[in-house]
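Residues per chain, in single letters:
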Amino acid sequence: MKRTLAAAIFIAGILGFVIWNNWGTGESASGRISYNFHVRPILSDKCFACHGPDKNKLQAGLRLDQPESAYAPLPENPGAFAIVPGKPEASELIKRITSKNPEEQMPPPESHLGSLTESEIDILRKWIEQGAVYEKHWAFIPPQKAALPKVKDPDWVNNEIDHFTLGKMAEKGLKHNEEAQKDHLLKRISLDLTGLPPTLEEMDQFAGDNSENAFEKVVDRLLESPQYGEKMALYWLDIARYSDSYGYQDDNIRTQWPYRDWVIHAFNQNMPYDQFITWQLAGDLLPKASKEQILATAFLRNHKYTEEGGVIPEEYRVEYVLDKVKTYTKGLLALTVECAQCHDHKYDPVSQKDYYQVFGFFNTSKEAGFEGDVSVSKPAKTPILTLSEKEIKDVLTFINPRDTGSVTVSVMEEADTARTTYILNRGAYDQPTDVVRPGALASVMPFDTTRYKRNRLGLAEWTVSKKNPLTARVFVNQLWQEFFGTGLVKTTGDFGMQGNLPTHPELLDWLAVDFMENDWDIKRLVKKIVLSATYCQSSEITPQHLEIDPENLYLARSPRLRLKAELIRDVLLASSGLLQKDIGGPSVKPYQPKGLWEVASSGRGELKTYEQDQDSALYRRGMYTFIKLTLPPPSMMVFDASNRDQCEVKRPRTNTPLQALIMMNDPTVLEASRVFAQQLLVENKGVAGTIARAFRSIICRKASQKELDILERYYAEQLQLFRSKQLDAYKTLAVGDSPMDKKVSPDESAALMKTINTIYNMEEAITKS
C-alpha cells in the first residue's frame, strides 16, 4: 500500500497541471475526470466541513483535501482506506456515500449537508477508477499562456480574447452576436471608460468615420480623457472602502479625499499595477519615500475609527488591523482569509497561524485604537501626513483643494519599537496565545525571507511577484467584471475552494500572463478587452441564449447592465448640461431628504446635521458625493452603491420599486429635466426637433418614428393641461437651485420638462447596452 500511496501522490503532481490546462471542457484531453473541475466542488460542499483543513473540526483523523491522508489507512479502522486509487469498490468513501444506513451514511443526516446525488456519486466513482488524481487548487497554480484555440470563424476574431471566447461558445452550442450598431457601441464604450455619455458632436463624428480603426480612435481618445481616471477609481474606492467619515456612533468628518485624488491621478497616469499596489501597501517604507508615496498608504487607513468614550483602545486597534487583513486578502488576492481569524479555514489551506502571520505585517504601525478627547474630533488620526498649500501647488498638483491651507490625511508609518504578534484565541484581542512572525500565505506562494523582508514592503514585493499565482488573475478578473458585469470567475472575492471555477480558465491565465509580461500596463489591458469582438457584440438576446446561457457566462452577447449609482447621477447631469467637471477635491453634499442625518446622529460633531452645498458643488459627479458611513447617500444606496463599510469587490444588482420612484421624483432628475427643457426651448428647434434632440442626448441613439410620435403626443397633452391650468406650471418648475430661464414660456417649459423626465425614465437611459 505504501508503494501505491507514493505512486499516486507522484502521479498527482505530474498530472495536476496537465489536467488544469485541459479542464475548460470539464475533462482533460484524455477524458479524465478533473479533481479541480468535478471532484473538489463536491468534496468541498459535502465533506470538508468535517474532513477538510480545519483541524479543530476534523473527524476520525481523516482529511479528504490531502492525498496522503485520503490514501492512508483510516486511523479508526486500520484495515480500511477512504480512497483506494483505481478501486472504488474498496474505497470507504464510496461505501459511505452510497450507504442507506444512517449510522454509516456520509454526510451524516444530522449534518444537514444533504446526500450526494447519483451524478455526484458517479463522478467520485469514476475519479477513483481513474486513479483518484489530486491537483493543486487551480488558483494556486501559476498561470501560463496557452496556445490560442483554433476557431471556425476567424473573420469574426479581433484579438486573442476572441479565440478563447469563440471556442467556448462553440463548445456550448452558442453562436456569437453580430457587432453592435455604432451608436450603441459608442454609448457603451463612453460609459465604460469615462462613466459619461457621448456628446451629440461625438456621436456625429463616430457615425461619419468609416475608417477601419474608427472605434480604436474613440478608445484611444477616451483612455486619454481625465474622466477615465474617475471611472476607474470608482471601482477601486469600493475595494479601498473610501468614505468621508469615521463611522461608529459619532461618525465625524475625516479628510481622506486627497487619497481619492491620488487614485484618479494614478489611473490617468497609467501607473503600472505592481507599482500601484506597492505604494498603497508600503509607500512609506520605500527608500526616501516621497509624500505622494506615503499618501498612497491611506489605502490601509480608510477603515472605520471609533471616537466613543469608554472604549478599550487595544480592542479597537486590533479591529483596525483585522480590517486591513481583510481588505488586502479580499481586494488583492480574492481569498476569504478572514474566515481563519478564529479557527483554521474550513475549506481553504489557510490555518489560524497563517492568518496571524499576515496580521503581523499590519500590526506594526503607530496607529492607536483610540486617541484624543471625545469632545474633539480630528480630521486625521495618527500616523498623519500633512500636506502644505505650497506642496500641493508645486508638487502634488493632482490634489484639488477647495480652500487654502494644509490638509491632513491618515496614512501608514511603522512604530518605533516592534510589536509582538500573537495568535488570538477565537480571534479575541485579549486572548493571545503563541507568538508568530510576519509571513505571507505559504499555500499561495512561499515567502522567501532571503528575498523579502518581514514588513509591508516585503509583503508588497511578494504580492506583485510574477510568480504569485493570484495577483494578476484577480485584477484581470475585476477589470473583466467592470466591462461584462460578471468576472471570468463569478465569485470575484473568492478564488478559494468555495468560489466558482473560471468559465474561461485559459483566457484568464492568458490575460494574466500577458498583463505581467507587458509591465502591468492597465490601459493596455483595458484596450485589449474593449477592442475584442467579444466586447463589441450587440446585446440582442435570442431564444438560444436564454435556453443555453441565461446568465451570459459564455459571452455570446454583450450584457445589458444598469449603470452604477454614481453614473446614473453623472448621466443626468451630463446630458442636461449641469455637470461640473472639475477633477478631485473634497466631497460635496447634494440634495438629500431633510432630517435623515439628524435622526441618525449622536448629536456631536460636524455631521450631526446635513448642510446642503450650493452652486456648482451641487452638480459634481456622483463619486464626489459625501459618504457618511452611518447613513450613506440614500438615492445612491437604492441603486446598490457600496456603503463603504468594508472592502467590496462586487456590488449587488437589484430591481426595486424605489428605483423607479427616484427616477420620477428625485430633485436631481427633475432639475435636470427642467434645465434641459429650457435650454432646448431657447434653441427653438420646433417640437419635433426638440424632442428628437433630447432623446438622442439622453438615450444616445436616434429615436424611431413610433417613439417620437408617442413623446410628441405626450408633450401636447401636458401642454394642454398646463395651459388650461389643470396643472400648475410654476409649481412643476419649482425644483432645484439652478435659476429658471424666464424668457421661455412656463407652460412649454413644464410640458417639455415632463417629456424629458419620461425619457430619463426609459430603461435605456440608465443602461449601458
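One can find the structure itself at the top, above this paragraph.
Residues numbered from 1 in each chain as written. Predicted model: local features only at pLDDT ≥ 70, side-chain atom pairs only at ≥ 80, totals over all residues. Heavy atoms only, no water.

Peer 1: For this particular structure, what's the right way to read the pattern of salt bridges?
Peer 2: In a structure, side chains of opposite charge can pair up when their charged atoms sit close to one another. In total, this model carries 49 salt bridges according to the counting rule given. Of the charged contacts, one joins lysine 527 and aspartate 220 as a salt bridge, the two residues approaching to 2.8 Å between their closest N and O atoms. A residue pair is termed long-range when its members are at least 10 positions apart, and lysine 527 in helix α21 (residues 522-530) and aspartate 220 in helix α10 (residues 214-223) qualify at 307 residues. We classify aspartate 220 as partly exposed; its relative accessible area is 31%. Between arginine 402 and aspartate 613 there is a salt bridge whose closest N-O contact spans 4.0 Å. One end of the pair, arginine 402, is in the loop between α17 (389-394) and β4 (407-410); the other, aspartate 613, is in the loop between α25 (596-599) and α26 (634-638), and 211 residues separate them in sequence. A relative accessible area of 15% means that aspartate 613 is categorised as buried. The network of salt bridges with shared partners includes Lys145, Asp514, Glu517 and Arg524. (Salt bridge = Lys/Arg side-chain N within 4 Å of Asp/Glu carboxyl O. Helix = DSSP H or I, 4+ residues; strand = E, 2+ residues; numbered from the N terminus. Buried < 20%, exposed > 50% of the residue type's maximum accessible area, 1.4 Å probe, protein only.)

Peer 1: Could you clarify how one ought to interpret the packing of helix α24 (residues 565-576) against helix α28 (residues 667-683) in this entry?
Peer 2: Helix packing geometry: the angle between the two helix axes and the distance between the axes. The geometry of α24 relative to α28 is characterised by a closest axis approach of 9 Å and an angle of 15 degrees between their N-to-C directions. Classed by the angle they form, the pair α24 and α28 counts as roughly parallel. Once α24 is placed against α28, the crossing between them reads as left-handed. Across the interface between the two elements, Arg569, Leu572, Leu573, Ser575 and Ser576 of α24 pack against Thr668, Val669, Ala672, Val675, Phe676 and Gln679 of α28. Its residues placed into classes, the contact of α24 with α28 shows six nonpolar, four polar and one charged. (Axes fitted to C-alpha atoms, helices over the stretch in contact; angles between N-to-C directions. Parallel < 35°, antiparallel > 145°, perpendicular 65-115°, else oblique. Left-handed = near helix turned anticlockwise from the far one by under 90°. Contact = heavy atoms within 4.5 Å. Nonpolar A, V, L, I, M, F, W, Y, C, P; charged D, E, K, R; others polar.)

Peer 1: Is there a simple way to explain the packing of aromatic side chains in this structure?
Peer 2: Think of a pair of aromatic rings as described by two things: how far the centres are apart, and how the planes are tilted against each other in angle. In the structure shown here, the tally under the stated rule is 33 aromatic pairs. Taking the centre distance of 6.2 Å and the plane angle of 35 degrees together, the rings of tyrosine 273 and phenylalanine 276 count as tilted. Here the residue tyrosine 273 and the residue phenylalanine 276 both occupy positions in helix α13 (residues 273-282), the gap between them amounting to three residues, near one helical turn. Exposure remark for tyrosine 273: the relative accessible area of 1% places this residue in the buried category. (Phe/Tyr/Trp six-rings, centres within 6.5 Å; stacked < 30°, edge-to-face > 60°.)

Peer 1: For this particular structure, what's the right way to read helix α20 (residues 505-517)?
Peer 2: Along an α-helix, residues three or four apart share an orientation, since each turn contains 3.6 residues. Its 13 residues place the ends of α20 18 Å apart at the C-alpha level, agreeing with the 18 Å of an ideal helix rising 1.5 Å per residue. Among the 13 residues of α20, twelve are classified as buried, and the element is accordingly described as predominantly covered. Just downstream of α20 lies aspartate 519, where phi reads positive at about 60 degrees. (Expected span 1.5 Å × (residues − 1).)

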